[in-house]
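Understanding the architecture of this molecule
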Amino acid sequence: MADPVCERLALIGVGLIGSSIARAAREFGVARHVAVMDSSPQVVGRASELCLADIATQDYAQAVGGADLVIVCTPVGACGDVARSLAPHLEKGAVLSDVGSVKGAVVAQMTPHLSEPSRFIPAHPIAGTEFSGPDAGFATLFQNRWCILTPPENAGAAAVEKLRTFWMRLGANVETMSVAHHDAVLALTSHLPHLIAYNIVGTADDFGDETRSEVIKFSASGFRDFTRIAASDPIMWRDIFLANKDSVLEMLGRFNEDLSVLQRMIRRGDGEGLLEFFSRTRDIRRSIIEQGQDTAAPDFGRRVEGR
Ligand code: NAP
């Protein structure tokens, strides 16, 4: 096995993402020593039971002291408080990163607390599930998934390289882009779809009991896939929409315009227009499968009894 990328890794927040990094870092020999820290005593206790790290603690100094790579894996809304708490314990020369789904707000919250901002390299692994907590994580979560780095203009080259190598050793493909570009792209590819899912499931919930039970019964006709997304962690998603407000509202505006176009085609009986539109979207699905970002198996790869 190749040498570890870091001597001592500290992960702040041991939920789905933090615990997956801890598992992968150990399994793939990416860190010689792993410390995990969480504000919740239950989570720290569970992390110990699961043997996720060499140290599981509620104490910032114990987790961050001596670490050459520190990754904040808490909800986006907590990042500012976390940066203030961990900053006094950061080793000189340590690389600091995060995994937040929004970058602009995280950078704005964290940077003012740091004495070496050029060593803060924000990151976002585009990998996850609708589950939360330390039990939900798994070591292969990042395999063949993208991880986007958004280094500041004055970022130390060695710090960026260390983080890039770290994520590649966890199995991810790494791409670099600006904070603003990241937030615009993710508003469309992740945040808007979640908003639509929350909305459509909320609409179904507003119906009376009889209709609601039919929605559940016949959900395999499309609704079920929205319910999976709409089951995502409420705190995480509240934070994402508040933190990426401008980009999400911009994409929502475009979405509404396009929806009006579809609405008009349906009203006018424009079958040709609908066919052209749906053929174009089908091509996007094909490209996603070709690039290995999803499975081509029927029904999203779900195993169905008797099939
Ligand atoms: P999660 O499973 O809810 O885990 C977050 C953990 O952070 C929880 O154990 C939470 O404890 C803890 N925490 C909250 N505030 C803290 C603080 N001030 N100090 C220390 N620990 C604190 O969330 P997740 O899904 O791993 O998401 C973590 C981050 O990854 C988020 O920023 C999210 O945007 C990003 N992300 C998520 C996904 C995804 O699909 N889930 C994908 C990519 C990136 P409590 O439970 O006690 O609050």
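Predicted, not measured: the structure shown is a model, and the values here were computed from it. (Residues numbered from 1 in each chain as written. Predicted model: local features only at pLDDT ≥ 70, side-chain atom pairs only at ≥ 80, totals over all residues. Heavy atoms only, no water.)

With respect to helix 9 (residues 223–230)
- The set of residues buried in helix 9 consists of Phe223, Ile229 and Ala230. The buried residues of helix 9 all sit within an arc of 115° when viewed along its axis, so they share a single face.
- Buried residues along helix 9 sit against helix 7 (179–206) and helix 8 (209–217). (Buried < 20%, exposed > 50% of the residue type's maximum accessible area, 1.4 Å probe, protein only. Helix = DSSP H or I, 4+ residues; strand = E, 2+ residues; numbered from the N terminus. Arc of directions from axis to C-beta. Contact = heavy atoms within 4.5 Å.)

Here we look at the sheet that holds strand 5 (residues 95–98)
- Strand order in the open sheet formed by five strands is 3-2-1-4-5, with parallel pairing between adjacent strands. Pairing within the sheet leaves two strands with one partner each, and these edge strands are strand 3 (55–57) and strand 5. When strand polarity is set aside, the average angle formed by the axes of neighbouring strands in this sheet is 20°.
- Here strand 4 (residues 69–72) runs beside strand 5; their pairing, made up of four bridges, is parallel. Counted as the bridge partner of isoleucine 71 is serine 97 from strand 5.
- Packed on one face of the sheet, helix 6 (residues 157–169) meets strand 1 (6–12), strand 4 and strand 5 and runs near 70° to strand 4. (Pairing = 2+ DSSP bridges. Axes fitted to C-alpha atoms, helices over the stretch in contact; angles between N-to-C directions.)

Here we look at the nonpolar core
- In terms of nonpolar packing, the biggest core is built from 41 residues, with Leu9, Ile21, Phe166 and Trp167 touching the most fellow members.
- Listed by contribution, the elements that provide at least two residues to this core are strand 1, helix 1 (16–27), strand 2 (31–37), helix 2 (41–49), strand 4, strand 7 (146–149) and helix 6.
- Element by element, the count of residues in this core is highest for helix 1, at six residues.
- Here isoleucine 21 is in contact with Leu9, Leu11, Ile71, Cys73, Val99, Phe142, Phe166, Trp167 and Leu170, once residues within four sequence places are set aside.
- Grouped together as the second largest cluster of nonpolar side chains are 20 residues, Ala10, Met37, Val76 and Val106 included. (Core = buried A, V, L, I, M, F, W, Y, C linked by side-chain atoms within 4.5 Å.)

Some words on the packing of helix 7 against helix 11 (residues 245–268)
- Between helix 7 and helix 11, the shortest axis-to-axis distance is 9 Å and the interhelical angle comes to 65°. With respect to each other, helix 7 and helix 11 are oriented roughly perpendicular. Crossing of helix 7 against helix 11: the hand is right-handed. Along its contact with helix 7, which presents Asp183, Ala184, Ala187, Leu188, His191, Leu192, Leu195 and Ile196, the element helix 11 presents Ser247, Val248, Met251, Leu252 and Phe255.
- Classifying every residue of the contact of helix 7 with helix 11 gives 10 nonpolar, two polar and one charged. (Parallel < 35°, antiparallel > 145°, perpendicular 65-115°, else oblique. Left-handed = near helix turned anticlockwise from the far one by under 90°. Nonpolar A, V, L, I, M, F, W, Y, C, P; charged D, E, K, R; others polar.)

So, the domain arrangement of the protein
- Parsing the protein into structural domains produces domain 1 (6–177) and domain 2 (182–291).
- Taking only C-alpha atoms, the centre of domain 1 and the centre of domain 2 are 30 Å apart.
- Contacts between the two partners involve 16 residues from domain 1 and, on the opposite side, 14 residues from domain 2.
- Buried area between domain 1 and domain 2, both sides added, is near 1200 Å², and the carbon and sulfur share of it is 64%.
- Of all residues in domain 1, the largest losses of buried area upon contact with domain 2 belong to Ser101, Val102 and Glu130, amounting jointly to 42% of the total for that side.
- Between glutamate 130 and arginine 228 there is a salt bridge, with its nearest N and O atoms 3.3 Å apart.
- Our enumeration of links across domain 1 and domain 2 arrives at seven residue pairs in polar contact (both at pLDDT 80 or more).
- Among the residues making up the side of domain 1 that touches domain 2, the classes are represented as eight nonpolar, six polar and two charged. (Domains from an automatic or database assignment. Buried area = accessible area lost by both parts, 1.4 Å probe. Salt bridge = Lys/Arg side-chain N within 4 Å of Asp/Glu carboxyl O. Polar contact = N/O pair within 3.5 Å; in protein donor to acceptor, adjacent residues only side chain to side chain.)

Some thoughts on the site of the ligand
- Near the ligand lie 27 residues; those nearest to it are Ile17, Asp38, Thr74, Ser101 and Gly133.
- Between an oxygen atom of the ligand and a side-chain N or O atom of aspartate 38, the distance comes to 2.8 Å.
- In isolation the ligand exposes 890 Å². Once the protein is present, 82% of that is buried.
- Breaking the shell around the ligand down by element, the ones donating at least two residues are helix 1 and strand 6 (123–125).
- Here the shell around the ligand is composed, by residue class, of 14 nonpolar, 12 polar and one charged. (Near = heavy atom within 4 Å. Areas by Shrake-Rupley, 256 points an atom, 1.4 Å probe, with all protein chains shown as cover.)

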